[in-house]
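# Tertiary structure, described
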Amino acid sequence: MSSAELARKSLIEHALDEIRNIPKYGNFKRGTYYAIAKLGLQRKAKVEDLFETADWNNIKRRDAIFERIEHFLVKYIK
């Protein structure tokens, strides 16, 4: 694995860890938005309707939302 691939993987994992560690009582949607905005991907998230299509308030849906976020990050972090 090249150093660029390792850096990419590390950046994705760091972002996912930040999102994963949002407390259950915290605003999951806002915390996720901030983590994505730190990477400069908020416009792409808007185009992909990342924040519009899920029931962010349903804690039971968090795993499905997290998988969608993970797919988004893998797709756009290059």
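Here we summarise the structure given alongside this text. Note that this is a predicted model, so its numbers are computed, not measured. (Residues numbered from 1 in each chain as written. Predicted model: local features only at pLDDT ≥ 70, side-chain atom pairs only at ≥ 80, totals over all residues. Heavy atoms only, no water.)

## Thoughts on the pattern of salt bridges
For the structure shown, the criterion picks out 3 salt bridges. Between Glu18 and Lys38 there is a salt bridge whose closest N-O contact spans 2.7 Å. Remark: Lys38 occurs in helix 2 (residues 28-38) and Glu18 occurs in helix 1 (residues 3-20); sequence separation between them is 20 residues. With relative accessibility at 61%, the residue Lys38 sits in the exposed group. Here Lys75 makes a salt bridge to Glu48, at a shortest N to O gap of 3.0 Å. Taken together, the residues span a long stretch of sequence, with Lys75 in helix 4 (residues 62-76) and Glu48 in the loop between helix 3 (42-47) and helix 4 at a distance of 27 residues. Residue classification places Glu48 among the partly exposed residues on the basis of a relative accessible area of 28%. (Salt bridge = Lys/Arg side-chain N within 4 Å of Asp/Glu carboxyl O. Helix = DSSP H or I, 4+ residues; strand = E, 2+ residues; numbered from the N terminus. Buried < 20%, exposed > 50% of the residue type's maximum accessible area, 1.4 Å probe, protein only.)

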